[in-house]
Amino acid sequence: MHALDNISLDVASGESIGIVGETGSGKSTLGKAVLEILPPRTEVKGRLVFRGRELGQLDKARIRHIRGEEIALIFQDPMTRLNPLMTIEDHFVETIKAHQRVSRQEALARAEAALASMRVPESRISNYPHEFSGGMRQRIMIALALVLNPSLLVADEPTTSLDVIVEAQILEILEDLKRTYKMSLLLITHNLGIVAEVCDRVAVFYAGKIVEVGTVDDIFTRPIHPYTRLLLQSIIHLDTKELHSIDGAPPDLVSPPTGCRFHPRCPYAQAVCREKIPPLDPFRQDQLAACLFGKDFL
Amino acid sequence: MNSRFDISSSPPAAITGLYTIDSLLAGRLDLFIIAIRHLALPCLTLGLVLSGFFAKTVRANLLRTINADYVEAARARGIKERTIISRYAFKNALIPVITVLGLEFAILFAGAVLTETTFNWDGMGRLLIDSIEVQDYPLIQGTIIVFSFIIVLISILVDILSGVIDPRVRY
Amino acid sequence: MLPMLEKRRTLAGVMSWIGLGILVVFTLIAVLAPVLAPYPAQGPYAQFLTPPNQAPSFNHWMGTDNLGQDVFSRVLWGAQTSLEVMAIGVILALAVGFPVGLYSGYVGGSIDKAILLVMDSVYAFPGLLLAALVAAMLGKGPFNIGIAITVIYIPLYYRVTRNQTLSVREETYVEAARSLGARPWTIMWVYIAYNVLITIPVIFALSAADAILTAAGLSYLGLGIQLPTPDWGLDLSVAQQFLTDGVWWTSFFPGLMIILLTVGLSFLGEGLNDLINPLLKKGRT
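No experiment lies behind these values; they were computed from the predicted model shown. (Residues numbered from 1 in each chain as written. Chains lettered and ligands numbered in written order. Predicted model: local features only at pLDDT ≥ 70, side-chain atom pairs only at ≥ 80, totals over all residues.)

Visitor: Sorry, what's going on with the environment of A:L292 here?
Guide: Residue and element names in this part refer to chain A. Relative to the assigned elements, L292 resides in the segment after strand 10 (287–289). With 19 residues separating them along the chain, L292 and C273 place their C-alpha atoms 7.2 Å apart. Contact partners of L292, with chain neighbours within four places excluded, come to C260, V272, C273, K276 and P278. (Helix = DSSP H or I, 4+ residues; strand = E, 2+ residues; numbered from the N terminus. Contact = placed C-beta atoms within 7 Å.)

Structure (structure tokens):
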């Protein structure tokens, strides 16, 4: 089964890209692939180039150092992502010392600074994970991810399991980071709303392939691919009178549909869509879509 | 007549009643060796049987923790794999194992009847079976009460130990 | 009823087949013992056929015991006794433990707590000792030993069933059935029992393995099957005294049978467990 098929994406420094897709579209796999923490029996074909270095060529020790220090990953479910037997202090000291030779006091100082920037009370640094709420834990996780000042932050559904208020706070923090530290952000989510708020560019995933890439402005106001259009249509606004959804369900990736993978659910599908796999073509400057009839949707 | 000691020598003076400790307290290393020699086979038997059970329990728990979310998160932070296995996977796997270990230890007080019979050892299990055979009800009741007491005591100790290791359990 | 288990050459699959094979062989031995055994295993015609404690030979494949009885025949007939005790014990335990566990788990409340208390107290007691107590009360003989075994394993079946019931009870289809007005009896037996049932074969095999050991242990201690009935545990305990004289066959072969049957049943149980558990997990996403 191919979780991802033929993905090509460039992230510039200081840029934030949103990866949007339904469950099973392969977006989480992408996040984990970037950090090379996929499960043992997965095969990765292709190139991951980070700051000019090809990650596939590096040895294990180098990759371990890149994780956390240069690329950081925050996960969706903060409740289970911290070791229940270690205090927050332990987590920070361990992370920092795993990459840099600093004294415990220095590490603690950095930890406290990171926590402060996430608005987590520093006095609670000796508490255990189970003594914190979900929102707090996510903030601690973000602080842990940022304490070594990585240049790329991969955020896999960082606010999905949190309530809207905490979500807003965290998004604010992410925007802040982008501005202050010029950190690149790969934001993986199914929520188009937060993408619109935080990201510069968007890549829309479907069934393991990219179906459209472009700036936030282009994607949200001038979408080309039918899937993107239907996604945007289904967003509920204050004046929504009728609910729109997309018929059908995401395809089985073990035996995906032939040709364009979206054709079974596409209201504009023609016979040729079943036969030819649409390439990701540029239809406007900086906007690519994988649809054989993209021209008609401009 | 039991097989805890040599027939030719006499066991050490009874302070605790345990031949190993008493012989050490009396400074008699030769008696200590004799006691250990007699302990070897019964202990090996019990240990061998239990080791299978523990191997299964530890394996099952380790499988659970090694795929845990916090392990994945730690790997994403670039923590060394060795540290992850010991500090994250193993330590967390050990918590339920300790509970089981404690309980098993308690049960063994009266539950090693077969070993005691085969090796001619005067244990509480043997006592219980013998009293059942002759239908000595006071002895049966007494043994069961003492045994239950031991189990409760050890259960409490295991609970306290769990609290020490696992911060989530503390009261 | 069982979902189609894919035919994969997995270790678990192989284990299950080996275990099942061993169980089938032993059942056949037990059923065909009268036909297969070359000599009678007990009674005046069995004893002193040849001088006692003779090493294995062409006439006596596993040698003779202290009464001159053919060990091979006793071992074959012993299969009957063991399987009989094990079958009675485990089947009755299932017959009692399953419905009680189902009811207890479904009903909840103070009834559940009361039954749980009783069951847990029995469960906490070391099996062999409890069986010894029950056997002492009931008297000796295969059926009574079977009852003693039943008593030990009822709490196990109760526990497993109850735990499964507790989780299945919260599934949405049960809630749906209840809201459609299904009677508790129907819900319990049609909806919940059906789904709990899939975990039973594993427990069945594993408790059967344990039952064999317990029954053998009881006879070994002298509280189970009595002479002259052929039984592996019994023969083991009698054979012990002659070990130092170099008579190994009287203890080796009964012991080997116990080990083989226990290992076979364990393989079956563990193999099934590895096969069924992933299926259970898949269904719970």
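Visitor: What am I meant to see in the interface of chain C and chain B here?
Guide: Counting residues at the interface gives 10 residues for chain C, matched by 11 residues for chain B. When contributions to the side of chain C that touches chain B are tallied by element, the ones reaching two or more residues are helix 4 (127–138) and helix 8 (200–221) of chain C. If you tally residues by element for the side of chain C that touches chain B, the top one is helix 4 of chain C, at five residues. Tallied by class, residues from the side of chain C that touches chain B come to nine nonpolar, one polar and no charged. (Nonpolar A, V, L, I, M, F, W, Y, C, P; charged D, E, K, R; others polar.)

Visitor: Is there a simple way to think about the arrangement of the chains in this case?
Guide: Between all two pairs of chains that are in contact, chains A and B come out with the most contacts. Without any contact between them, chain A and chain C keep their closest C-alpha atoms 13 Å apart.

Visitor: Before we go on, may I ask you to explain the interface of chain B and chain A in this structure?
Guide: Accessible area lost upon the coming together of the parts is a frequently used measure of interface size. With 17 residues of chain B in contact, the opposing surface of chain A contributes 23 residues. If you list the elements that add at least two residues to the side of chain B that touches chain A, you get helix 3 (69–76) and helix 4 (81–111) of chain B. Take the side of chain B that touches chain A: its biggest share by element is seven residues, from helix 3 of chain B. Of the residues in the side of chain B that touches chain A, the class split is seven nonpolar, two polar and eight charged.

Visitor: What exactly am I supposed to notice about the confidence of the model for chain C here?
Guide: Low pLDDT means the predicted atomic positions in that stretch should not be read closely. With 93% of its residues at a pLDDT of at least 70, chain C reaches an overall mean of 84. Note on residues 1–5 of chain C: pLDDT is under 50 here. Beyond four places in sequence and across chains, it has three contacts. (pLDDT = per-residue confidence, 0-100.)

Visitor: So what exactly am I meant to see when it comes to the pairing of strand 5 (residues 152–156) of chain A here?
Guide: Consecutive side chains along a regular strand alternate between the two faces of the sheet. Residues and elements named next belong to chain A. Among the five residues of strand 5, five are classified as buried, and the element is accordingly described as predominantly covered. Judged by which residues are buried, strand 5 turns out to be covered on both faces: L152, V154 and D156 on one side and L153 and A155 on the other are all buried. With four bridges connecting them, strand 4 (residues 71–74) and strand 5 associate as parallel partners. Residue pairing across strands places A72 opposite L153, the latter belonging to strand 5. Here five bridges tie strand 5 to strand 6 (residues 184–189), and the two strands are oriented parallel to one another. Following the sheet pairing, A155 is matched in strand 6 by L187. Chirality of the crossover, the property in question, places the unit of strand 5, helix 6 (residues 164–181) and strand 6 among those that are right-handed. (Buried ≥ 20, exposed ≤ 12 C-beta atoms within 10 Å, placed from the backbone. Pairing = 2+ DSSP bridges. Right-handed = clockwise from strand over helix to strand, strands pointing away.)

Visitor: Can you help me understand the packing of helix 4 of chain C against helix 8 of chain C in this one?
Guide: The description of two packed helices rests on the angle between their axes and on the distance between the axes. Residue and element names in this part refer to chain C. At a minimum axis separation of 10 Å, helix 4 and helix 8 run at an interaxial angle of 60°. Regarding the angle of helix 4 to helix 8, the classification is oblique. Relative to helix 8, helix 4 is oriented so that their crossing is right-handed. Where helix 4 abuts helix 8, its residues G127, L128, A131, A132 and A135 lie against T214, G217, L218 and L221. Broken down by class, the residue content of the contact of helix 4 with helix 8 amounts to six nonpolar, three polar and no charged. (Axes fitted to C-alpha atoms, helices over the stretch in contact; angles between N-to-C directions. Parallel < 35°, antiparallel > 145°, perpendicular 65-115°, else oblique. Left-handed = near helix turned anticlockwise from the far one by under 90°.)

Visitor: Is there a simple way to think about the nonpolar core in this case?
Guide: Proteins that are soluble and globular tend to have nonpolar side chains buried together. Residues and elements named next belong to chain C. With 87 residues, the main nonpolar core has A132, I149, Y153, Y157, A208, I212 and A215 as its most contacted residues. Of all the elements, helix 2 (residues 71–107) adds the most residues to this core, at 16 residues. What Y153 contacts, discounting residues up to four positions off in sequence, is G89, V90, A93, S207 and A211. (Core = buried A, V, L, I, M, F, W, Y, C linked by C-beta atoms within 7 Å.)

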